[in-house]
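# Chain and residue survey
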Amino acid sequence: MKILLFLFLFLLNSIIFINGQLIKVYDLSSSFDEQNKYPNSSELLTCNFVFYFLSVDDLKTGLPFTYSSNSEHVIFKGAVISNRSSEINGFQFLGADYGNYQFTIYVTAGSTTSSIDYKFSCLEIPLNTITYSIVNSNQEYNPYNTFTWILKFDNLNCQLNKLKFAELDINYSKIGKNSFAISSSLVQTTLKNISINFTSGQQLHIQLGPIFSNFNINRHVTLTLYPNSNSMFEEKGIGYGPLFKINSSSLFPYYYLQNPNSPTFQNTISPIYGFPGDYTFIGQIKNADSGKNLFLKTLNGTSFVDISIIKFDIKEKKQDTFGTPSSIGYSQSNPTFFTISFKSSSIFEYSTNDYYLNGLNVISSSFPFGFTNGSNLNFNYEATFSFSPSTLSPLQFQINSDPPKSIITIGNSESGFQKILSYEIYHLFEFKYLIKIITDATLNNLPGYIKINGIYYFGLEKCTLNEKNNPTFEIIVDFLFGSLDEDGGGIEISDTSGKKSLYTTSSFYSISPPLKINYPFNFDIDIKKIQDIKFLFNNLDVRNKKRTNIMYFNYTVTDLNIEHDQIIFALHLSDRTSYIPGEPLKDNKFYYSKWNSTIKMFQIEFFINGNSMNGIVPWFLTNGNLNQNSLQISNSFFPLENQLIILNTSYDGYGPIITLIQQRIISNLLVVTFQIEDLINGFSHGDFIIRGEMDNSIYKFQITEFDRVFGTYRIGRYDHSLLIRNNGSKCFTQTYVVSDVILYDTHGNKAIFQEWNKGGGYYSTTNPFINYLSGPNWRFSFDCGDYIDITPPELLSFSIEKPSQQLQLQQQQQQQINQRTIVILFEARDLDSGIKPNQFPTVYGITPMQSIQSIATIVSMNDTNVKYRSIIDIPIGFANISTIYFSVYGFINNGGHFSGFSSDYISRHFTTSSIDIGFIRYLAIESTSDITSEGGELWVIGREFHSSLTLKINYLDGILGFSQQLSPIKSYSTALLFDGIRKTNQNFIIKLINLNTMIESNEFLISPIIFNFENNNNNNNNNDNDNNTSSESPTPTLTPTNQTTPTPTPTPTPTPTTPTLTPTPTNQTTPTTSNPTTPTPTPTLTNQTTPTLTSTLLPTTTPLVTNTPQKCKGTPQCGSPTNGYCTSSGCVCFSPYTGLDCLSKTMKVNQPKFNLTYPTSEIQISLEQAASSTSLPSTSTSSSTSSSNDENSVFFKTLIAVSSLREMDINNKPIKTFKFGKWSYSKIDSSSSRYSTIINVKSLDGNTTQTQITTVLQWFGNETTIEFANQNISMNPSTTKFTISISSYQFENPLHNLQLVMEASISTTQPDDKVCSLREYGETGSGDNSNYIKIKVDDVSLYGRFIRRAIVDSYIKSVDNVLLDSSLNALSNPSSLQSFIGITIPYFTNYVIIDPDFSILVDDNSVSDEEDAICKNKKPSITSTQLAGIIIGCVLFAIVIVFIATYFIIKKRKESKLNSSNVNKKMKDFSNEKIN
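Note that this is a predicted model, so its numbers are computed, not measured.

Glancing now at the overall build of the protein. A tally of helices and strands in the protein yields seven helices and 104 strands. The proportion of buried residues among the 1476 residues of the protein is 53%. The long-range fraction of contacts in the protein, counting pairs at least 24 apart against all pairs at least 6 apart in sequence, stands at 68%. Per element, the accessible surface of the protein, about 64,100 Å² overall, is 50% carbon and sulfur.

Our next topic: the pattern of salt bridges. One side chain can pair with another of opposite charge once the charged atoms of both are near each other. In total, this model carries 26 salt bridges according to the counting rule given. Between E926 and K462 there is a salt bridge whose closest N-O contact spans 3.9 Å. Taken together, the positions of E926 in strand β72 (residues 924-928) and K462 in the loop between β36 (455-458) and β37 (463-465) put the pair 464 residues apart, joining distant regions of the chain. Look at E926 and you get partly exposed, because its relative accessible area is 31%. By relative accessible area, K462 is classed as partly exposed at 21%. Note that R691 and E755 form a salt bridge whose closest N and O atoms lie 3.7 Å from each other. Here R691, found in strand β56 (residues 683-692), pairs with E755, found in the loop between β61 (750-754) and β62 (779-782); they are 64 residues apart in sequence, far enough to count as distant. When its relative accessible area of 4% is taken as the criterion, R691 is described as buried.

This paragraph deals with the nonpolar core. Within the largest apolar cluster, 48 residues are counted, with the highest numbers of intra-cluster contacts made by L1205, M1302 and F1388. When residues of this core are assigned to their parent elements, the largest contribution, five residues, is made by strand β94 (residues 1297-1308). Core analysis: the next-biggest nonpolar cluster, separate from the first, contains 43 residues, I525, I550, I604 and F607 among them.

Further remarks concern the state of the cysteines. Enumeration according to the criterion identifies six disulfides in this entry. Two residues share a disulfide in this structure: C1133 and C1142, whose sulfurs sit 2.1 Å from each other. Taking the sign of the torsion about the S-S bond as the criterion, the disulfide between C1133 and C1142, at about -90°, is left-handed. Each member of the pair, C1133 as well as C1142, is classed as buried. The disulfide pattern of the protein is 1-2, 3-4, 5-7, 6-8, 9-10, 11-12 when the bonded cysteines are numbered in sequence order. In this model C158 remains outside any disulfide bridge; the closest cysteine sulfur is found in C47, 8.7 Å from its own.

This next bit is on the sheet that holds strand β46 (residues 591-592). The antiparallel open sheet is built from four strands, whose spatial order is β46-β45-β50-β51. Strands with a single pairing partner mark the edges of an open sheet, and in this sheet they are β46 and β51 (633-634). Judged from the four bridges that link them, strand β45 (residues 570-573) and strand β50 (residues 619-622) form a sheet pairing that is antiparallel. Looking across to β50, one finds that L573 is bridged to W619.

Attention now moves to the side chain of T622. Checked against the element boundaries, T622 lands in strand β50. A distance of 3.1 Å separates a polar side-chain atom of T622 from the backbone nitrogen of G624.

In this structure, the amide linkage connecting Y226 to the following residue, P227, adopts the cis form with an omega of -5°. One can find P227 in the loop between β15 (222-226) and β16 (232-234). The residue after S512, namely P513, is reached through a cis peptide bond having omega 0°. Residue position: P513 is located in the loop between β41 (508-511) and β42 (514-516). The phi dihedral of N838 is positive, around 60°, even though this residue is not glycine. If you trace the backbone, N838 turns up in the loop between β64 (821-829) and β65 (842-846). Look at E944: it is not a glycine, yet its phi comes out positive at around 60°. With respect to the helices and strands, E944 occurs in the loop between β73 (936-943) and β74 (949-955). Taking the relative accessible area as the measure of exposure, E944 reaches 25% and is therefore partly exposed.

Evaluated as defined, the whole model comprises 93 aromatic pairs. When the ring of Y1125 is compared with that of F1134, the centres are 5.7 Å apart and the planes differ by 40°; the resulting orientation is tilted. Exposure remark for F1134: the relative accessible area of 36% places this residue in the partly exposed category. Against the face of Y955 rests R982, its NZ or CZ located 4.0 Å from the ring centre.

Attention shifts here to the sheet that holds strand β77 (residues 975-981). The four strands lie next to each other as β72-β73-β77-β76, forming an open sheet whose pairing is antiparallel. Of all the strands in the sheet, just β72 and β76 (970-971) have a single pairing partner and so form its edges. Sheet analysis places β73 next to β77, joined by six bridges and oriented antiparallel. Within β77, the position partnered with E937 by the bridge is D979.

Take the environment of I855 next. Relative to the helices and strands, I855 is located in strand β66 (residues 851-855). Look at I855 and you get exposed, because its relative accessible area is 52%. C-alpha of I855 to C-alpha of V843: the two residues are 12 residues apart in sequence and 6.3 Å apart in space. Residues contacting I855, with those up to four places away along its chain left out, are F840, P841 and T842.

To continue, consider the pairing of strand β102 (residues 1391-1394). Direction of pairing for strand β93 (residues 1279-1287) relative to β102: antiparallel, over a ladder of four bridges. Across the sheet, the residue bridging to S1285 is I1393, located in β102.

Relative to the helices and strands, S41 is located in the loop between β2 (36-37) and β3 (47-57). A relative accessible area of 8% means that S41 is categorised as buried.

Let us look at the environment of K983. When you line up the elements, K983 lands in the loop between β77 and β78 (988-994). Polar contacts involving the side chain of K983 include one to the side chain of E934, which spans 3.5 Å.

Inspection of the secondary structure assignment puts G895 in the loop between β69 (883-892) and β70 (898-901). Accessibility expressed as a relative area gives 0% for G895, which makes it buried. Along the chain, G895 and D830 lie 65 residues apart, while their C-alpha atoms are 9.9 Å from each other. If sequence neighbours within four positions are ignored, G895 has contacts with F732, Y787, I788, D789 and S833.

Attention shifts here to the confidence of the model for the protein. Across the protein, the average pLDDT comes to 80, with 81% of residues at or above 70. Taken as a whole, residues 1-20 scores under 50 in pLDDT and shows four contacts with residues more than four places along the chain or in a different chain. Scored below 50 in pLDDT, residues 1061-1096 makes 80 contacts in the model with residues more than four places away or belonging to other chains.

Glancing now at the pairing of β70. As a general feature of sheets, a regular strand has side chains that alternate between the two faces. Alternating positions in β70 separate into two faces, F898 and G900 on one and S899 and F901 on the other, with burial throughout. As judged from the two bridges shared by strand β29 (residues 371-375) and β70, these two strands associate in the antiparallel manner. Paired with N373 across the strands is S899, a residue of β70. Where β69 and β70 come together, four bridges link them in antiparallel fashion. Counted as the bridge partner of V888 is F901 from β70. The hairpin turn running from β69 into β70, its antiparallel successor, is five residues long, and G896 in that turn takes a positive phi close to 90°.

Rules of the game
- Residues numbered from 1 in each chain as written.
- Predicted model: local features only at pLDDT ≥ 70, side-chain atom pairs only at ≥ 80, totals over all residues.
- Heavy atoms only, no water.
- Helix = DSSP H or I, 4+ residues; strand = E, 2+ residues; numbered from the N terminus.
- Buried < 20%, exposed > 50% of the residue type's maximum accessible area, 1.4 Å probe, protein only.
- Contact = heavy atoms within 4.5 Å.
- Areas by Shrake-Rupley, 256 points an atom, 1.4 Å probe, with all protein chains shown as cover.
- Salt bridge = Lys/Arg side-chain N within 4 Å of Asp/Glu carboxyl O.
- Core = buried A, V, L, I, M, F, W, Y, C linked by side-chain atoms within 4.5 Å.
- Disulfide = S-S within 2.5 Å.
- Pairing = 2+ DSSP bridges.
- Polar contact = N/O pair within 3.5 Å; in protein donor to acceptor, adjacent residues only side chain to side chain.
- Phe/Tyr/Trp six-rings, centres within 6.5 Å; stacked < 30°, edge-to-face > 60°.
- Lys NZ or Arg CZ within 6 Å of the ring centre and 35° of its normal.
- pLDDT = per-residue confidence, 0-100.

Written out as structure tokens, the structure is:
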């Protein structure tokens, strides 16, 4: 009975358990747009639906879910995401006809089934009631506008996704829920009727307005072809086709090329320079039009007319055939890399090659990567690539677009696809968002990379927490471009085996609760809601000057969930000085909006380039997520009153061009000469690459004003020397080819030629070789006879110095140090011809997904052997989960052959070719947000951040040290927000510190953006400099008004103005264009001032030294109020006054003659000149009324010279001294000269290298402000500036310094007994952070200023200036004085530039009054200090005597009475004697 009862209870319990199983189903697609749809395209009859639902097993039985439906149209997609008890699934309902639908989905687990009902509708587009609006553009306002009309449907309930146009020339892009941007491949000058196809043959007819107004243009233009004949044209660079130029008098001309065989047109013609009434335009003939008659047309009235017929046969330059791997070596004994090899099948022409492993571009490189031996005529190739042992077999390896090769490996990963466990996104600034994700990665299955918005983040590069299990990543993404939807690429995660997971905005990443990847703030802009566009300044004159401006506008927000301060716009200027047509927008500058809550408007601060084109400035706005099909809200959609107008008499949108190319051979040097012309803006600097055609030797160099040997910066000739061989060595005869050139003018315009830039054909219209398109004139020859050495250099040694894996303390300070620096040492030898000079091999580090490279430096060399060192700073996150395999290529001998060695070769012949780095955490600043000179908020980007960090700030504008500390107001692991940065026009340095542990980050230099609005008030400024002068004026704040359209009224800046299009051409001569095929002869050069280098901010490596604050001197203090004023750092003097007390005055003298043999500056002045330069009479003891030609006149002579160069050891002792011999002289212009000389430096191993010293002397007749080393420096009138550059120097030890010794002297014809002299040396107090030397005879001084910084290898570094008079026995006489100053330069690799200057002063005070004056007949005198000491000593001594006398008086009263008179007399006599 008990057994039966037990069985009954058991069965009852089982039944209850089974019936108690509960499945819940939740609909995840319940929005209106998901359940109500139009057909996917306007002409279709059916709709497609996709739905998602969540199934939950409440009892967590673990039984699988199965799905079914009562509709045959339902197609289940499978589980999207699942866990033990829940699953998200999706299904499609395809081909639904018009109508309403209802069906049921059944979810079953075990014996339990639940269901959910779906209702949805496929709606017919209501063609009979549809309404729409058109926004028309005016292409005259912006010829670069991508889309010319905007079509918006106003009364549709659902989204219309695609349109079917009847016209083939129509292109469109969906830009909003029911908004479309439209363009036509045909040029539209009249009304255009288009039709949209709908179902059953129905059409919606729409009329589009013309995009050009009815206006006439001068059709009689001058057409110039480059080259000048319609013959076969061979491209010199990929995409660099033939060009043509047009001269036109129209302000808004429009030209296009028509190919009768194609309905499309080319609108690549853009203005490049000129003046109102005479502009020059340039255009390119594309490869697709080769051999065809092209009709050049222009708009005349409402129709286009033919100007000319152009025809070119073009031989296109293509990526050369590189080679196909004939052998792929893979060994199971080392299953982490494979080696490919092949022999060349054709001549190598220096193209860049892309290498892919499983579809991932591991490295893009040209020579020397992989080139193991030979020459470009015939070479062998071998390269090693690594992969993870877990990578699935077979590997897919590919070079360029060649068919991939399969490599069978033993890799067999059993890991699953990596998943996102958590996802968060936060807005930081501009379009920068911080994405924080947690993945399910483990130590055995780490992520190979995370790709967002097309950018790869490898391994643990962005890991902030738990790198071994479920790591957290923080990635900052710029959504100005791209998005997280399917078109934008989403988030792709790949593990090391190659398995990939993709998440987009339609992807679920969480099941409890159900969550999708989201982009929190993305809205469609309605162009009609942008209103009241105004500019702070309009009708601007930008002649020779960059201008600042502010754009204001309103945007009507109808969504209650969106606030104005959440909306961000970006402004892009599209004129030719800002944008080259076809150039990727990612390479361009954008300016970002901010919401002005005071006036309730958006505002964008921006710059307008100097010498921009007269007329309307083209621009566009965007709200991010830019791609090739997205809407750019162009200014062409707005009326004239919303346009920004420039009034300018000259325009320059083309970079400098080369008008003459020459060569000459001087001994072992190939000297190349380029004549560079830029008639309006002037040439600033240029970067060149010249390579050997057969041996691939590479010469990279920069040309600046220091290389100019003749002419001015508008037309000048520049020399550069290439060392082809060392003294006595052999060499190989070959041609040297210019492969890359970028020339910059003084306003930042570029002329670019890149022979093998596969994607850079749009730079064709900036070609600096436009005059040389028809011939091989960019090639140079160096004849060495018939010598050849086919035995390539060999590798003798290769070693890797591994870094410490631990963070260390340095100098007892708890500062973290990056221990990811690798030093590789190796040696090569060529016994036959030796290693070619000035050629440096490249070390490559390869991982399965990344690569890194470093150009080696020479440690020592002789005739056959060279020792190299390569220092590689491993980037943060690089190779943290992989081994780095190193190879080295690019050894070139003197006989025309090269060699290189793969990782495979190195590992077989030397100890190792690889290293493991691991993952190291340390506090680091990597970047920041932009900040203006107004200060305020600053985002700091880096790693290992937390809320307890403190930001320390060192302002470089006079306040010493890290004077400000701020705490973050927002904190993430990779980003911190600080508020309270003070106003400053100067650079400042930041660092982060943990005040508890005292661990510090690296120091980071910030250069604030200076918007100088006050400077815009002077529209007639003809300053040739392009420096935007600093200003302390606040950012203009507008005062709101009660008008519907607010009229901005900033204080103190002017009210935004209304544009007017009334440019008046000036009577200005148009620059003459030279013949396109023949270099023009050098024109007559005018007497012009040579400009300084462009004001490009250079980075610093360490905080720069600053002068110690000084007490203001002088009576009155600083000569106030006429001579200067007092600051916290000392006296700041008004020109022409100078000195620590502003009581010395710069003399105005005539420009001295340049010495033709030596870089010296010698000036002779008379006593009368000195006396006339000061308001006080001469203090000289002798007077003269005779003329300066009188033999009895008194003269002063000053001399400044570059004396010597010394290498100083670690004890600051000279170990080498170089006295300069013969200098080469060349005149730059009337106020500047250039001197150069070469010294031979012999190293410890007996080898000799050469170092070039170049000195440019420049005379400043008037007060001028220049920029040097990121610092504005005021040059007083009559100042001589020495700009001294030193090329690469072979130091004996990296701890040594160089010291350049300069000599300064002053003397007078007066005898020694008539004058005195004085020497002063110290720090200036005017804020220029310099040392000064002042040597003075009588009241005339030679004043030298030595800036305490230099440009060292493109960095700004501090230098020490040392007075050397005692060690070098400087002359010190009353009538003549001499000083030596040593400028101590830190270790450098490539070059250094220093910039001292000298001027002559006259003083109000006599030198003989100075305490340290050197005088012949000066009588010694007791100073007040000495006199006070004597008096005090006498008084004390008298007190002692009185005490002794009193003692004796008490003891021998009687004797005292008898002798008291004698004692007092002696005391009196003694005192008188001491005083006298």
